[in-house]
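Now for the letters of each chain:
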Amino acid sequence: MGPHPAVAAIRLAVRRVLHDILTELNTSAGVPAATTADRTPERPPSPLVLVACSGGADSMALASALAFEAPRLGIRAGGVTVDHGLQNGSDLRAEEVVLRLRELGLDPVEATAVTVGRAGGPEAAARDARYAALDAAAARHGAAAVLLGHTRDDQAETVLLGLARGSGIRSLSGMAAVSGAGGRYRRPFLQVDRQTARKACMVQSLPVWDDPHNADPAYTRSRLRHEGLPALEKALGKGVVEALARTAQLSRDDADALDTWARQAEPGVRDATGVLECAKLYALPPAVRRRILRRAAIEAGAPAGALFARHIEEVDRLITGWRGQGAINLPGKVVARRQGGRLVIRQG
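It should be emphasised that the depicted structure is a prediction, and the values quoted were computed from it without experimental measurement.

A. Quick peek at the overall build of the chain. Looking only at helices and strands, one finds 12 helices and 10 strands in the chain. With the C-alpha coordinates aligned to their principal axes, the bounding extent of the chain is approximately 75 × 60 × 40 Å. The contacts in the chain between residues at least 6 apart in sequence include a share of 66% that link residues at least 24 apart. Of the accessible surface of the chain, which amounts to about 18,200 Å², a share of 53% is contributed by carbon and sulfur atoms. Computed over 46 positive and 37 negative side-chain charges, the separation of the two mean positions in the chain equals 5 Å.

This is the structure in structure tokens:
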């Protein structure tokens, strides 16, 4: 008798990602994908894959699947839990998560404490601190990848948040299955719903911790999860989460294609000195032109996180609605101005 369907689903999702990681490592190391009958190529040392685990149902399900699948593929499996210090007893909870991960057979396992700042709001600040800690842990242990437990439901919430910000197709593309420097972060569960992950924990008798922040209406994502999405499903019927997740993938494909187009078109809209030429920019589709403008602003020193669509729209008007207007001030003390048919973007 095979495993419960929920357990089978999470294990399959993790197995696919681990296969991808092995394939990439072997390719970069020059190891042939197949072997002959009389020769087995030398393989690099067993890679380490870490799971980021909060102790919640999603990440505990992910940890259990990694613990099951990794040894069967010759991969070492470890875990990291981040103590944000935002709740009383968070250090004790982190210690409990470490014990649970060790009971699953993961090694190395560690808890790391962070200090959460205020930049960008509490949710963004906690996220930044968490990823910085995970980056440090991965580097410290030489991990090939870090698995994250974001589910299809999380993806749907991310798409709706992007839609509410009105920040373009890239926001609608949600979370990438592979992200971070060198593809460090992997999200195996983007096609797995939250209920499947919780069911997998239940049938395996895995204790889980429900973060009270996830039910706190003070947080935007919490309100969306408990009020917004249920209201949409009531009005539009079941299937909203699946549709939003599908929208994310389609949007990501489109955004990636437009980014590639912009990179390829950019050299052709610069003069011999590298300055952008307004007439050539004007001839491009708006989506491509604005990507070039954004890249130019970031290269000039504008912080990507502080550069919003309204900034790029103002710069774009120097090309499409030129009436002699003055310079546009951008974040990072970057200034964009039109001079003699050329667009100059620089600091100061």
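Structure's up, so let's keep going.
B. Main features of the packing of aromatic side chains. Under the defined criterion, the tally for this structure stands at one aromatic pair. Residues Tyr-131 and Tyr-185 carry aromatic rings whose centres are separated by 5.1 Å and whose planes lie at 90 degrees to one another, so their mutual orientation is edge-to-face. In this pair, Tyr-131 is assigned in helix H4 (residues 122-141) and Tyr-185 in strand E6 (residues 185-186), connecting sequence segments 54 residues apart. A relative accessible area of 3% places Tyr-185 in the buried class. The aromatic ring of Phe-68 is capped on one face by Arg-11, whose charged end is 3.5 Å from the ring centroid. Across from the ring centre of Trp-209, 4.6 Å away, lies the NZ or CZ of Arg-93, which sits over that ring.

C. Fine view of the sheet that holds strand E10 (residues 342-347). The antiparallel open sheet is built from four strands, whose spatial order is E7-E10-E9-E8. Only two strands of the sheet have a single partner each, and these edge strands are strand E7 (276-277) and strand E8 (328-330). As defined by bridge partners, E7 adjoins E10 across two bridges and the pair is classed as antiparallel. Residue pairing in the sheet places Leu-276 in a bridge with Leu-343 of E10. Sheet contacts for helix H11 (residues 286-300): E7, E8, strand E9 (334-339) and E10; angle to E10, the most-contacted strand, approximately 35 degrees.

D. Quick peek at the state of the cysteines. On inspection of all chains with the given rule, the structure shows zero disulfides. Cysteine Cys-201 is unpaired, with the sulfur of Cys-53 as its nearest cysteine sulfur at 8.7 Å. The buried category is assigned to Cys-201, whose relative accessible area is 2%.

E. Expanded view of unusual backbone geometry. Note the cis peptide between Asp-107 and Pro-108, where omega equals 5 degrees. Even without glycine at this site, Ser-205 takes up a positive phi of about 60 degrees. Owing to a relative accessible area of 61%, Ser-205 belongs among the exposed residues under this scheme. Not every positive phi belongs to a glycine, and Lys-333 is a case in point at roughly 60 degrees. Positionally, Lys-333 belongs in the loop between E8 and E9.

F. The side chain of Asp-316, seen in detail. In this structure, Asp-316 sits in helix H12 (residues 309-320). Within the local environment of Asp-316, its side chain forms a polar contact with the side chain of Arg-289, the two groups lying 2.6 Å apart. In terms of polar contacts, Asp-316 uses its side chain to reach the side chain of Arg-290, at 3.0 Å. Those residues in contact with Asp-316 that lie beyond four places of it in its chain are Arg-289, Arg-290 and Leu-293.

Rules of the game
- Residues numbered from 1 in each chain as written.
- Predicted model: local features only at pLDDT ≥ 70, side-chain atom pairs only at ≥ 80, totals over all residues.
- Heavy atoms only, no water.
- Helix = DSSP H or I, 4+ residues; strand = E, 2+ residues; numbered from the N terminus.
- Contact = heavy atoms within 4.5 Å.
- Areas by Shrake-Rupley, 256 points an atom, 1.4 Å probe, with all protein chains shown as cover.
- Lys, Arg positive; Asp, Glu negative; His and termini not counted.
- Charge placed at Lys NZ, Arg CZ, Asp CG, Glu CD.
- Phe/Tyr/Trp six-rings, centres within 6.5 Å; stacked < 30°, edge-to-face > 60°.
- Buried < 20%, exposed > 50% of the residue type's maximum accessible area, 1.4 Å probe, protein only.
- Lys NZ or Arg CZ within 6 Å of the ring centre and 35° of its normal.
- Pairing = 2+ DSSP bridges.
- Axes fitted to C-alpha atoms, helices over the stretch in contact; angles between N-to-C directions.
- Disulfide = S-S within 2.5 Å.
- Polar contact = N/O pair within 3.5 Å; in protein donor to acceptor, adjacent residues only side chain to side chain.

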